[in-house]
Amino acid sequence: MSTIVVGADGSHGAEAALAFAVDEARLRGAELRLVSAWEIPAAVYETGFAPVPLDVSDFERLAQEALQRTVTDLRTAHPNLTITPVLRRGHPADVLVDEARSATLLVVGTRGLGGFRGLLLGSVSQGVAHHAPCPVLIVPSPS
């Protein structure tokens, strides 16, 4: 069975990519590997202190909860689709490239949750386009 890897971060771009990846997985009879990467935001380190106690596990827990909601919704809407959720710590581009090593296709949105809104492509979509071990499809953000 072939595998389609798609990035999931809850952004509008990721939702568009997910919709495409679901359709493609259904057409190909492929497994859908739904990948969510989490990391500690740089702002946590930049200030030198946190005004409130910070539990690093909160970042992972929030990412896990968001991923689980997406998986639950997908399994309800597409009960015959094989979905493998993956949650990993690391930069999203690195995690997606690694998870795509045995994939048929890697699907990402043009823009995610990053802070550089003026760019045509986000850092993750650029990173996977340059380093992915399989074909990459970058889905335009909905207007």
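Our structure is the block above this text.
### A few points about the pattern of salt bridges
According to the stated counting rule, one finds eight salt bridges in the structure shown. Measuring nitrogen to oxygen at the nearest pair gives 3.7 Å for the salt bridge that ties Glu-99 to Arg-33. Of this pair, Glu-99 sits in helix α4 (residues 92-99) while Arg-33 sits in strand β2 (residues 31-38); the two residues are 66 residues apart in sequence, bridging distant segments of the chain. No difference in accessibility class separates Glu-99 from Arg-33, as the two residues are buried. Arg-88 is paired through a salt bridge with Asp-98; the nearest N and O atoms lie 2.7 Å apart. One end of the pair, Arg-88, is in strand β3 (residues 83-89); the other, Asp-98, is in helix α4, with 10 residues separating them in the sequence. With a relative accessible area of 27%, Arg-88 lands in the partly exposed category. A residue is classified by how much of its surface remains accessible, and Asp-98, at 34% relative accessible area, is partly exposed. One salt-bridge network, held together by shared partners, links Glu-31, Arg-33, Arg-88, Asp-98, Glu-99 and Arg-101.

### Quick notes on the environment of Thr-84
Tracing the backbone shows Thr-84 in strand β3. For Thr-84, a relative accessible area of 29% gives the class partly exposed. Counting along the chain gives 50 residues from Thr-84 to Leu-34, while the straight-line C-alpha distance between them is 6.0 Å. Dropping the residues within four chain positions of it, Thr-84 is found in contact with Glu-31, Leu-32, Arg-33 and Leu-34.

### Re the sheet that holds strand β1 (residues 3-7)
If you walk across this open sheet you meet the five strands as β3-β2-β1-β4-β5, and the pairing is parallel. Of all the strands in the sheet, the pair left with one neighbour each is β3 and β5 (136-139). Looking at each pair of strands side by side, their axes are set apart by 20° on average, direction ignored. In the sheet, strand β4 (residues 105-109) pairs with β5 via four bridges, with the strands oriented parallel. Along β5, the bridge assignment pairs Gly-109 with Val-139. Helix-sheet contacts for helix α3 (residues 57-77) involve β2 and β3, and the interaxial angle to β3 is about 170°. Sheet strands in contact with α4 are β1, β2, β3 and β4, and its direction is about 155° off that of β2.

### Structural notes on α3
Over its 21 residues, α3 extends 30 Å from the first C-alpha to the last, a length consistent with the 30 Å expected when each residue adds 1.5 Å. Within α3, the full set of buried residues consists of Ala-63, Leu-67, Val-71 and Leu-74. For α3, the angular spread of the buried residues around the axis is 70°, confining them to a single face. Relative to its buried face, α3 has exposed residues pointing more than 90 degrees away, namely Arg-69, Asp-73 and Thr-76. Buried residues along α3 sit in contact with α1 (12-28), β2 and β3.

Conventions we followed
Residues numbered from 1 in each chain as written. Predicted model: local features only at pLDDT ≥ 70, side-chain atom pairs only at ≥ 80, totals over all residues. Heavy atoms only, no water. Salt bridge = Lys/Arg side-chain N within 4 Å of Asp/Glu carboxyl O. Helix = DSSP H or I, 4+ residues; strand = E, 2+ residues; numbered from the N terminus. Buried < 20%, exposed > 50% of the residue type's maximum accessible area, 1.4 Å probe, protein only. Contact = heavy atoms within 4.5 Å. Pairing = 2+ DSSP bridges. Axes fitted to C-alpha atoms, helices over the stretch in contact; angles between N-to-C directions. Expected span 1.5 Å × (residues − 1). Arc of directions from axis to C-beta.

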